[in-house]
Every structure is written in C-alpha cells, then in structure tokens.
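# Descriptive analysis of the structure
Single-letter residue listing:
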Amino acid sequence: MKKLPYLSLFLILLLSFGCEQDETPKEDLKEVEPRPEPIIKEYGFTLNDYEVYRDTVRSGDSFGAIMDAHGVSRGKVFEIAEKVKAKFDPARINVGKSYTILKSKDSLAQVQAFIYEESRINYTVVNFKDSISIIKNEKPVTIKKKIASGVITSSLSAAMDNEGLSILLADKLADIYQWKIDFFKIQKGDQFKIIYNEKYINDTVYAGLDNIEAAVLTHYNNPYYAFEYGKDSLSGFPKFYDEKANMLQSFFLKAPLKFSRISSRYTKRRFHPVQKRWKAHKGTDYAAPTGTPIWSTADGVVIKSSYTRGNGNYVKVRHNDKYTTQYLHMSKRNAKVGQRVKQGDVIGFVGSTGLATGPHVCYRFWVYGRQEDPYKQNLPSSEPLEQSLKPMYFAKMDSLKTELDEVRSKSI
C-alpha cells in the first residue's frame, strides 16, 4: 500500500475539521442596537435638531459681521435689527460675552437663531426660523445656603481669602457694616460669621452670590449683628437691622471710599509734607490708588466743584443746615454744582492734584460751618423698624441668630 503524500494527508484532515465545524450549530448573533443620542435642551431649543456653533464676541466683532460670516445677508441683518431694537440692540454686544448660533441640519445650513448671553444667567434669543421674534430669559437657577466663619489677621478681604471665600462676599459684608464698623480700625483677632446664599446654574455651575441673610462681626470683642429684612423702596437694595431692630444704615458713611488706609488724621498740629511747616490739618487723609472711586458720605447738594492750587480738584457737598463735607485732591471730578447726590454716589476719583505728595483723598467735615473731626461726632442714625413689622422681623431673626451663635468661633 502506498503511503499518501504529506500534502494529501493535510488536506484530508483540513476537510474533516471543516466538516465537523459546519455540523456544530452556530449561536444566533444578537444585533447590538446603537445607543440613542442624549437629548440636549438649552435656551428653549432641542439642540439635537440643529448644528450648534458657540463662540465669544471678540474685539472688532459686530452682530452684522458675525451674521455675515454665517451666511446671513445684510438685508436680513437690517430687518432683524429693526424688528428687535426695542428690546435688544444688536449693535451693543460686548467683547467677551458668549453667543450661540443654531443652524439647520440640511445642506443649506441656514441660521435659525442667535442667542446672546448678557450674563451667566440672563440671555436673549433672537429667533428668525420662520418669523423674527425675541425672547429674554434666564437659565434655571438653584439657590444653595452656605455658612462660613473666619478670624481676621490683617484685613477682612484677606480673612475671606484664607477661608476660600469670594472677594465679592467681603465687599458685600463691608457694604452692610460700612455705617457701623470703621474698617480702617479693624484689628487682629476680630471675627466674622455669615449666612449667605449662592446661585448655581443647573444645580452645578456657580453663578455668583445671591444674598447675605445674616452676619455677625465681632470687633473689639463687641458683636455687631446684621439681618436682612426688606428692601429700600427707591434703590431696591436690601435693608439690614441689628438684633434690636435698629437699622444699620446711618446718615453718614464711615469713610468716603472702600478698603484704603488712613494716612493722616484730623489734628491741630501737623508738619505739612509739601509746605514744610507745622500747621493744623483739619481733615482725614485716605491713601488709595489713583482712580479709586470717592463717594459722597451722605445725601446732599453739590455746592462747589472746582480746582484750586492747594485743594486740587475738589467737590463740596451740603447735606443740611448742620453738616457739609469736602473731598480734595481728586484726579477727576464727577459732580456738578447744583447736582443732588445720594449717599454712596461716586462724586470723583482719587488723585494727587494740588498740594499732595501722593494719591489720596482729604476728607473734610463741617458742623455749622466749623471744621470738625468726623470720628468725634455723634452722627445721626436712620429710623428703626416700624413697630408693626417687629413681630415678623424678630420671628425670622431669632432662628438666624441661633444659627450664627451655634457656629464655632475660630482662633488665630
């Protein structure tokens, strides 16, 4: 018997193996269904239905140029601008603001809508899919309550920063206490506790501070409480009262600017750095960077806005028959004679005009026409809360005060 060649034997084995494999039933293969595309809804649109283009307004951009780059004719741009100008001026889009353009998904890729974000929360939709319309709206916002505390070692803003808190929170707290606390006399060891609310877009994206509900600032071992209750009928700003329902706001602010330092106090004898002689200094100097806003410390009427060799640019405000204030060495004046100003209005900016060695504002204070030291005056306060509102106020205040008092104080 002849032996089969090796090649023939290999072919026979291969065929046998193939037949055995064919006899084995194959498992039914299940078809894997593609995962559905997640539905994305934003600005009142289902974004899956559009081609979405996002960008920010750059220097030199205009609404017309942006639309032109996306194939919208000049005639259409003019028509849009005319239709929406009562509620939205396309010519005033600002550099750095975000915008979104929605285009059709067909071959024409026509622009259907332009969405402009004025802020993280507020946006404007210009819709011209069928007819031109405009909607102003807000993103969904949730409010989260927060409680924080800290101890001051150098300044309130530094203490806030040490606790990982926003500088905006420090500004707001300073605004609340500006009538009660002299922040130029803040001392090491002073403490704060604060209950506040933050805004979040879609429950995750931080969108800023909403409000401060309550706070206590311990200064020279004296606790100063503040509780939000109601709003000013004219300005719309929240009003704050203490634990006895006395308003924190006073007739005069403690200082004519924020976060500076006193470089020279009111004195009857001081060596003048420019004139090189001893003389009275009947004002309080606040050193601050050039351009820092200067506020009127109380409501009043501007009686002088001028320039002299000694005062430089200055503004003088009469508040009533008893009190007058003056603000010297401004880099620029922002008030005119006869103008009525409110407490906190910016009437000028810090400078070094006149007889000044560096940027500062010299704040002068008159009582019945005589210059006095404002820090030695028993200045009038605002009216307390109305008697009829006190029960509701105290009911709200008591729970907030308990929360504040339960927060453990920190030490240096």
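Attention here is on the structure that accompanies the text.

Criteria and thresholds
Residues numbered from 1 in each chain as written. Predicted model: local features only at pLDDT ≥ 70, side-chain atom pairs only at ≥ 80, totals over all residues. Heavy atoms only, no water. Pairing = 2+ DSSP bridges. Helix = DSSP H or I, 4+ residues; strand = E, 2+ residues; numbered from the N terminus. Axes fitted to C-alpha atoms, helices over the stretch in contact; angles between N-to-C directions. Contact = heavy atoms within 4.5 Å. Phe/Tyr/Trp six-rings, centres within 6.5 Å; stacked < 30°, edge-to-face > 60°. Lys NZ or Arg CZ within 6 Å of the ring centre and 35° of its normal. Salt bridge = Lys/Arg side-chain N within 4 Å of Asp/Glu carboxyl O. Buried < 20%, exposed > 50% of the residue type's maximum accessible area, 1.4 Å probe, protein only. Polar contact = N/O pair within 3.5 Å; in protein donor to acceptor, adjacent residues only side chain to side chain. Core = buried A, V, L, I, M, F, W, Y, C linked by side-chain atoms within 4.5 Å. Arc of directions from axis to C-beta.

Our focus in this paragraph is the sheet that holds strand 8 (residues 141-151). Taken together, the 5 strands give an open sheet; going across it, the order is 8-9-10-11-12, and neighbouring strands pair in antiparallel fashion. Sheet topology places strand 8 and strand 12 (238-241) at the edges, where each strand pairs with a single neighbour. Taken pair by pair, the neighbouring strands of this sheet meet at an average axis angle of 30°, ignoring direction. Relative to strand 11 (residues 222-231), strand 10 (residues 205-219) runs antiparallel, the two being bridged by 6 bridges. Directly across from L217, in strand 11, lies its bridge partner Y224. The strands touched by helix 5 (residues 167-177) are strand 9 (191-201), strand 10, strand 11 and strand 12; relative to strand 10, the strand with the most contacts, the crossing angle is about 45°. Seen against the sheet, helix 6 (residues 390-406) touches strand 8, strand 9, strand 10, strand 11 and strand 12 and runs at an angle of roughly 135° to strand 11.

With the rule as written, the count across this model stands at 17 aromatic pairs. For K144, the ring lying beneath its charged end belongs to Y200, and the centroid distance is 4.5 Å. Just above the ring of W366 sits the side chain of K316; from NZ or CZ to the centre is 4.1 Å.

Once that is clear, we can look at the pattern of salt bridges. For the structure shown, the criterion picks out 14 salt bridges. A salt bridge links E42 to R54; the nearest nitrogen and oxygen atoms lie 2.9 Å apart. You can see E42 sitting in strand 1 (residues 41-42) and its partner R54 sitting in strand 3 (residues 51-56), a full 12 residues away along the chain. Here R54 falls in the partly exposed class, since its relative accessible area comes to 44%. Across the salt bridge formed by E403 and K145, the nearest N and O atoms sit 3.0 Å from each other. One end of the pair, E403, is in helix 6; the other, K145, is in strand 8, with 258 residues separating them in the sequence. Note on E403: relative accessible area 25%, which makes it partly exposed. One salt-bridge network, held together by shared partners, links K76, E79 and K83.

K145 sits in the partly exposed class, given a relative accessible area of 43%. Remark: the alpha-carbon pair of K145 and E198, spanning 53 residues in sequence, is separated by 6.6 Å. Non-local contacts of K145, meaning those with residues more than four positions away in its chain, are made with I195, Y196, N197, E213 and E403. There is a polar contact of 3.0 Å between the side chain of K145 and the side chain of E403.

Looking at where S98 falls in the secondary structure, it is placed in strand 4 (residues 98-103). With relative accessibility at 30%, the residue S98 sits in the partly exposed group. For the pair S98 and Y116, spaced 18 residues apart in sequence, the C-alpha separation works out to 6.4 Å. S98 has contacts with D55, T56, I115, Y116 and E117, leaving out every residue within four places of it along the chain.

Next up on the list: the pairing of strand 7 (residues 133-138). Note: strand 6 (residues 122-127) against strand 7, 6 bridges, orientation antiparallel. Counted as the bridge partner of T124 is K136 from strand 7. The antiparallel hairpin formed by strand 6 and strand 7 contains 5 residues in its connecting segment.

Our focus in this paragraph is the nonpolar core. Most often, soluble globular proteins keep nonpolar side chains buried together rather than apart. Ranked by size, the top nonpolar core spans 25 residues in total, and within it L173, Y177, F192 and I194 carry the most contacts. Residue assignment for this core shows that the elements contributing at least two residues are helix 4 (156-162), helix 5, strand 9 and strand 10. Considering every element that reaches this core, the biggest residue donor is helix 5, with 6 residues. Counting 21 residues, the second largest nonpolar core, distinct from the first, contains F252, V315, M330 and Y363.

What follows deals with helix 3 (residues 74-84). Of the positions making up helix 3, those classed as buried are V77, I80 and V84. Projection of helix 3 onto a plane perpendicular to its axis shows the buried side chains occupying an angular sector of 65°, all on one side. Across helix 3 from its buried face, at more than 90 degrees, point the exposed residues R74, F78 and K83. Looking at the packing, one finds that the buried side of helix 3 touches helix 2 (63-69), strand 6 and strand 7.

The subject of this paragraph is the environment of F251. Following the sequence through the fold, F251 ends up in the loop between strand 12 and strand 13 (261-264). Separated by 68 residues in the primary sequence, F251 and H319 place their C-alpha atoms 9.6 Å from one another.

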